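Per-entry structural report
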Amino acid sequence: NPAKPLAGKKVLVTAGGTVERIDPVRYITNDSSGKMGYAIAEAAKRMGADVTLVTGNATADLPAGVEVVRVQSTLDMMDAVLARFGETDVVVKAAAVADYRPAQRADQKIKKNDDTMTLELVKNPDILQTLGERKTNQFVVGFAAETNDGERYALDKVKRKKSDLLVLNDVTVPGAGFGTDTNIVRIYDEAGLVEALPQMSKRDVAERLLGLVAERLNASARR
Ligand code: C5P
């Protein structure tokens, strides 16, 4: 069915920013609005997929007709994704995942005391890389938001994280990246640039990206 190229596929999308708790009233997060990931979940639904959206902190309106799993921390997101990975056909990791979390989470509000305070952070696991290492038949798509040397980082990430596709957006360009309704992306695979898209709505970016995913899924099914 050409109108529903993802019919019968289970698509899992992560979106939003993760929230890393410092104490009961404080946390570390980032500027992710969730718009790109939510647009991907919506597009996957329109294209016939069975969609699960694992979402961190986001301001965008939740799409209808998809299963929504709310998470806070990177570790929670990792658990939610890994629990479903075995039965998933396509994973799109549009979430802005915190690279570090507080080493300790205080049970009580931290009191103001000395003139300086140090917050120790420890590295979070890389969810995308873990999926890349564990995948059997799943198609895995990563995102990268960069301010400089985007192409070099994108190519490095797609290989190191064993992703099937990697979507790069330059977050310094107006009309791209966090919070906007449009995006300007370049899509890579391990062989190099696949597509450079002009500025378009996140809805259109989502459709182009998933169109490419469907094409590649069908090509490998025919082989
Ligand atoms: O942060 P980075 O640019 O490496 O993110 C690239 C991709 O890796 C994104 O798809 C992001 O969701 C994913 N990622 C992840 N776990 C992390 C860091 C990033 O899954 N700890």
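These numbers were taken from a predicted model, which means no experiment stands behind them.

1. Describing helix α5 (residues 202–222)
- In this model, α5 (21 residues) spans 30 Å end to end at C-alpha, consistent with the 30 Å of a helix rising 1.5 Å per residue.
- Every buried residue of α5 is listed here: Lys202, Val205, Ala206, Leu209, Leu210, Leu212, Val213, Ala214 and Leu217.

2. Some thoughts on the nonpolar core
- Ranked by internal contacts, the top residues of the largest apolar core, which has 37 residues, are Leu6, Ile40, Val92 and Leu209.
- At the level of secondary structure, the elements contributing two or more residues to this core comprise β1 (10–15), α1 (35–46), β4 (50–55), β6 (90–93), β9 (139–146), β10 (165–170), β12 (185–189) and α5.
- At eight residues, the largest contribution of residues to this core is made by α5.
- If sequence neighbours within four positions are ignored, Leu209 has contacts with Ile40, Val92, Val141, Phe143, Leu165, Val167 and Ile187.
- Among the nonpolar cores identified, the runner-up in size contains 15 residues, and Val71, Met77, Met78 and Leu128 belong to it.

3. Quick look at the site of the ligand
- Around the ligand, the neighbouring residues are Lys93, Ala95, Val97, Asp99, Pro125, Asp126, Ile127, Leu128, Gly142, Phe143, Lys157 and Lys161.
- In this structure, an oxygen atom belonging to the ligand sits 2.8 Å away from a main-chain N or O atom of Leu128.
- Taking 440 Å² as the accessible area of the ligand by itself, protein coverage stands at 88%.
- Under a 2 Å grid-point criterion requiring more than half of the atoms, the pocket assigned to the ligand is the largest pocket.
- Taken together, the elements giving at least two residues each to the shell around the ligand come down to α3 (127–134) and β9.
- Here the shell around the ligand is built from residues that sort into six nonpolar, one polar and five charged.

4. Points about the packing of aromatic side chains
- Applying the stated criterion to the full structure yields zero aromatic pairs.
- In this arrangement the basic side chain of Arg152 is found over the ring face of Tyr153, its NZ or CZ atom lying 5.1 Å from the centre.

5. Section: a nonpolar patch on the surface
- Side chains of Tyr100, Met117, Leu119 and Leu121 sit close together on the surface and give an oily, nonpolar patch of about 400 Å² of accessible area.
- For Tyr100, the location among the structural elements is in strand β7 (residues 100–102).

6. Re the UniProt feature "binding site: CTP" (unreviewed entry) in the protein
- Residues given the UniProt feature "binding site: CTP" (unreviewed entry) here are Asp99, Lys109, Pro125, Asp126, Ile127, Leu128, Phe143, Lys157 and Lys161. The greatest C-alpha distance among the residues just named is 37.8 Å, and with 63 residues of sequence between them they are spread in space as well. Put simply, the named residues that line the largest pocket are Asp99, Pro125, Asp126, Ile127, Leu128, Phe143, Lys157 and Lys161.
- Checked against the element boundaries, Lys109 lands in the loop between β7 and β8 (121–123).
- According to the relative accessible area criterion, Lys109 is partly exposed, its value standing at 46%.

7. Here we look at the layout of surface pockets
- Within this model, the largest pocket holds a volume of roughly 900 Å³.
- Lining the largest pocket we find 35 residues, and of these Ala95, Ala96, Val97, Phe143 and Ala145 sit closest to its centre.
- The element that contributes the greatest number of residues to the lining of the largest pocket is β9, accounting for four residues.
- Here the lining of the largest pocket is composed, by residue class, of 15 nonpolar, 11 polar and nine charged.
- In this structure, the second largest pocket encloses a volume near 210 Å³.
- If you trace the second largest pocket, you find it lined by Lys9, Lys135, Thr136, Asn137, Gln138, Phe139, Asp164, Arg216, Leu217, Asn218, Ser220 and Ala221.

8. Section: helix α2 (residues 74–85)
- In a regular helix each residue adds 1.5 Å, so 12 residues correspond to 16 Å; α2 covers 16 Å between its end C-alpha atoms and thus fits that length.
- All of the buried residues along α2 are Thr74, Met77, Met78, Ala80, Val81 and Phe85. For α2, the angular spread of buried residues about the axis comes to 165°, placing them on one side. Projecting away from the buried face of α2 at angles above 90 degrees are the exposed residues Asp79 and Ala83.

Scoring rules and cut-offs
Along each chain, residue indices are assigned from 1 in the same order as the chain's sequence is written. Since the coordinates come from a predicted model, pLDDT governs what is reported: local features require at least 70, and pairs of side-chain atoms require 80 or more to be given and counted, while whole-chain, interface and lining totals use all residues. Excluded from the side-chain calculation are hydrogens and water; included are all heavy atoms of the structure. Put simply, DSSP marks the helices as runs of H or I at least four residues long and the strands as runs of E at least two long, and each gets a number from the N terminus on. Between the first and last residue of a helix there are one fewer steps than residues, each counted as 1.5 Å, and that sum is the expected span. Buried, partly exposed and exposed residues are distinguished by accessible area as a fraction of the type maximum, computed with a 1.4 Å probe on protein chains only: under 20%, between the cut-offs, and over 50%, respectively. Here, the term nonpolar core denotes a set of buried Ala, Val, Leu, Ile, Met, Phe, Trp, Tyr and Cys residues that are joined through side-chain atoms within 4.5 Å. The contact criterion used throughout is that any non-hydrogen atoms of two residues lie within 4.5 Å. Whether a residue is near a molecule or strand is decided by its heavy atoms; if any one of them lies within 4 Å of it, the residue is near. By the criterion applied in these results, polar contacts are pairs of N or O atoms within 3.5 Å in which, for protein atoms, one can donate a hydrogen and the other can accept it, and in which residues neighboring in sequence qualify only through two side-chain atoms. Surface accessibility in these figures is a Shrake-Rupley result with a 1.4 Å probe; residues are shielded only by whichever protein chains are displayed. Put plainly, a pocket is an open set of points on a 1 Å grid over the protein atoms alone with protein on both sides within 12 Å along at least five of seven lines, a cavity is a set where a 1.4 Å probe fits but cannot get out, and a lining residue has an atom within 4 Å of a point. To qualify as sitting in a cavity or pocket, a molecule needs more than half of its atoms within 2 Å of the grid points. We call Asp, Glu, Lys and Arg charged. Ala, Val, Leu, Ile, Met, Phe, Trp, Tyr, Cys and Pro are nonpolar, and the rest, Gly among them, are polar. A pair of aromatic rings is counted whenever rings of Phe, Tyr or Trp (Trp by its six-membered ring) have centres within 6.5 Å, and the orientation is called stacked for planes under 30 degrees apart, edge-to-face for over 60 and tilted otherwise. For a Lys NZ or an Arg CZ to count as sitting over a ring, it must be within 6 Å of the ring centre and within 35 degrees of the ring normal. Note on patches: the residues involved have over 30% relative accessible area and no salt bridge, like charges join within 9 Å, and the nonpolar side chains Val, Leu, Ile, Met, Phe, Trp and Tyr join within 5 Å. One side-chain nitrogen of Lys or Arg within 4 Å of one carboxyl oxygen of Asp or Glu is enough to make a salt bridge. UniProt positions are given in the numbering used here, feature names are shortened, and annotations may be inferred rather than shown by experiment. Grid points are joined across faces, edges and corners, and a volume is the space filled by probe spheres set on the points. To be clear, the arc concerns the directions from the helix axis to the C-beta atoms.

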